[in-house]
Every structure is written in structure tokens, then in C-alpha cells.
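# Breakdown of the fold
For reference, the chains in residue letters:
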Amino acid sequence: MKHNPYRKGRMAEMNVVPYIDVMLVLLIIFMITSPLLVEGIKVDLPQASQSTPDVVTDEGELIVVSIDADGLLYLQDNEQPYSEPDMVAALKELLEEKHSRILLKGDKNVAYGRIMQVIDTLKTSGVTNVALITSIKTEQSP
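As a starting point, this report considers the structure included with it. (Residues numbered from 1 in each chain as written. Predicted model: local features only at pLDDT ≥ 70, side-chain atom pairs only at ≥ 80, totals over all residues. Heavy atoms only, no water.)

### Thoughts on the pattern of salt bridges
Inclusion rule: Just to be clear on terms, a salt bridge is a Lys or Arg side-chain nitrogen sitting within 4 Å of an Asp or Glu carboxyl oxygen. Helix numbers and strand numbers start at the N terminus; a helix is a DSSP run of H or I with at least 4 residues, a strand a run of E with at least 2. For every residue, the accessible area (1.4 Å probe, protein chains only) is compared with the maximum for its type, and the residue is labelled buried under 20%, exposed over 50%, or partly exposed between those bounds.
One pass over the structure, following the stated rule, counts one salt bridge. When the shortest N-O distance is used, the salt bridge between Arg-114 and Glu-84 registers 2.6 Å. Of this pair, Arg-114 sits in helix H3 (residues 112-124) while Glu-84 is found in helix H2 (residues 84-97), placing the two residues 30 residues apart along the sequence. We note that Arg-114, like Glu-84, is buried.

### What to know about the nonpolar core
Going by this rule: The term nonpolar core refers to a set of buried residues drawn from Ala, Val, Leu, Ile, Met, Phe, Trp, Tyr and Cys, joined through side-chain atoms within 4.5 Å.
Residues Val-65, Ile-67, Leu-91, Ile-102, Leu-104 and Leu-122 are the most contacted members of the largest nonpolar core, which totals 16 residues. Within the residue set of this core, elements represented by two or more residues are strand S2 (62-67), strand S3 (73-75), H2, strand S4 (101-106) and H3. With four residues, H3 is the single largest residue contributor to this core.

### Some details on the side chain of Arg-114
Condition: N or O atoms closer than or at 3.5 Å make up a polar contact, with two conditions inside protein: a donor-capable atom paired with an acceptor-capable one, and, for residues adjacent in sequence, both atoms drawn from side chains. Two residues qualify as a contact provided that any one of their heavy atoms is within 4.5 Å of a heavy atom in the partner residue.
Within the structure, the side chain of Arg-114 is placed 2.8 Å from the backbone oxygen of Gly-71, a separation counted as a polar contact. Excluding its chain neighbours within four sequence positions, the residues that come into contact with Arg-114 are Ile-67, Gly-71, Leu-73 and Glu-84.

Worth remembering: the numbers are spatial, not functional.
As C-alpha cells, this is what we get:
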């Protein structure tokens, strides 16, 4: 507490610098760990010059639908493939619990038609927010 010679009594001041430092450290930690939160099975993603925008959302949790090289569907990190009707039923259960965003991870060897078929199935089942995931193109990649 500082004593002001022109005022009678003491003035209490709170030092907020340590709080700002803690908040900046937490912000950096969340920025580093948020891309690691995207789950799902391992697929060979196509590359783009920029990664998927707006992966982190404050609308709810992320639900990852993966399509492997054979065109089989997986939900989150479950290693058992889903048929399209089973996947739609499981997604509806997940979406009833929370408003979530669907991320679609398609192997780069999957036909474009298969990916569009899955997107169409998701849209007709009531899913309105679907984003595609890519990996970032590096300098060495062809």
C-alpha cells in the first residue's frame, strides 16, 4: 500500500500483472493443445496450404467422422466401422446430448464421390455443421 502525502489515509491498490501473466500462459497452453484434441482413427489426410479453419469452436464438442482408404466409416476413435444407418443413429444420439460440430476426416485415397455421399447422408439426417479436415502442406511434400 502506498501512502499519498496529499491524502489522509491509505489507498489500497491491487497488482494485476501476475494475473495477466498467468492468463497469457494459459492462453498459450490452450492454443498449443487445442489442435491435439481432434480425435478419430488414423487416416492419411490430403494436404492443403492451410489447415482446416475454425477447428476450435465454442458451440460444443467436436465429433469426428473418419473415412478410411477402403471407404469405411468410423465415429470418434471407435475402431469398429459403422454402416451409414448406424452412424446416423449414433450421431443423432450424440447431437441430442450437445450441440456439436461434425469434422469429416477422409483418407486422401478415398474417391471424392464417397466423401460427398457421406456429407449428403449427414445433411439429410439433420446435421447442419460439417467441416473437412486436412493436414498442412509442408515444403518437402510434392
